[in-house]
Amino acid sequence: MTAITRRSALQIAAAAAFSAHPLLRARAAGAIRQVFVGSYTNASGEAIPPEFGARGADHLSRGIYSFDFDAASGRVGSARLAAEVSNPVNLILHANGRTLYACRGQNTRVQGQNAITAFAIEGGDLRELNTVPSGGGGPTVGVVDRSGTNLLTTNFSTNSIVCFRLNADGSLGRRSALIGTELRGELPAPQAPGALAAQPPGAAAGDSGVERTKPHAIVLSRTQRFAIASEIEANRCHVLRFDAATGALSTHGYAADDSGCGPRHLCFHPSFRYLYT
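Remember, predicted model here, so these are calculated numbers, not experimental data.

In this section: the overall build of the protein chain. Per the secondary structure count, the protein chain includes one helix and 18 strands. Here the protein chain holds 277 residues, and the buried ones make up 49% of them. Contacts in the protein chain between residues far apart in sequence, at least 24 positions, make up 47% of those at least 6 positions apart.

To continue, consider the sheet that holds strand S9 (residues 143–144). Strand order across the open sheet formed by four strands is S9-S10-S11-S12, with antiparallel pairing between neighbours. At either end of the open sheet lies a strand with only one pairing partner, and these are S9 and strand S12 (172–180). Pairing geometry for S9 and strand S10 (residues 150–155), over two bridges, is antiparallel. Bridging from a neighbouring strand, Val 144 pairs with Leu 151 of S10.

This part takes up the confidence of the model for the protein chain. Looking at the protein chain as a whole, its pLDDT mean stands at 81, while 73% of the residues score no less than 70. Within the protein chain, the lowest mean pLDDT, 43, falls on helix H1 (residues 6–16), and the highest, 98, falls on S9. Note on residues 25–29: pLDDT under 50 across the span, and 11 contacts to partners over four residues away in sequence or across chains. Contacts of residues 187–208 to residues separated by more than four positions or lying in other chains number 30 contacts, the stretch itself having pLDDT below 50.

Mapped onto the elements, Ser 230 comes out in strand S14 (residues 226–231). Classification of Ser 230 by relative accessible area gives buried; the value is 0%.

Rules of the game
- Residues numbered from 1 in each chain as written.
- Predicted model: local features only at pLDDT ≥ 70, side-chain atom pairs only at ≥ 80, totals over all residues.
- Heavy atoms only, no water.
- Helix = DSSP H or I, 4+ residues; strand = E, 2+ residues; numbered from the N terminus.
- Buried < 20%, exposed > 50% of the residue type's maximum accessible area, 1.4 Å probe, protein only.
- Contact = heavy atoms within 4.5 Å.
- Pairing = 2+ DSSP bridges.
- pLDDT = per-residue confidence, 0-100.

Shown next, in the form of structure tokens:
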């Protein structure tokens, strides 16, 4: 295995920051926390998004990495490989802090769809529980509900919002909801950069009848009766009714943004009276 230096770890984290924030898990009641970072992998010559720049031979990424973080001093430990897995681009932490989910991109197709993988957290290591198809392409930023029985996320590349039921051990169960376009078979061929810019927000994609909304992130309201998803190409936030008992989703309404704003990430104020994008 190629050694991961502190500099390499920072480069991995910088690349992952475009698509996945580090997840912190408290170690007991102390100030030391475990940080997990997703990445685009390239050890086997897989494609790297060009906006992330060229990689040197000593800057290979092999999956999800972890390191200690001392919240009191701000010091970090050395990065280590927590799980060798292909393109774990976006990470979601279970409500109980014992399970981590990787929304995977690039070459991770299962039944023609990109994959989501569940891992049990064992210190700084991760043990794979199971892998399921995401229902589309490019699963992105998601959330586990407070009850710990549902995982919600978005399929950015194929314009859908999904919910999966979670089993008692944290593994992924059946898909309980899909709002938008359901992908069947292979993913569509990648489009050239800027190809979507010529289409008005929410326009149909050619003759396919697929509305290009590009949902990127989803959060839950304080009561968790509603889920809100940011839709970049549609320039809006999609508000959905959410039933935690069944994992059902249905459209409640939309909050329109100005043309060209492209809402991407979402963050609630601690009071839950305001939502920022």
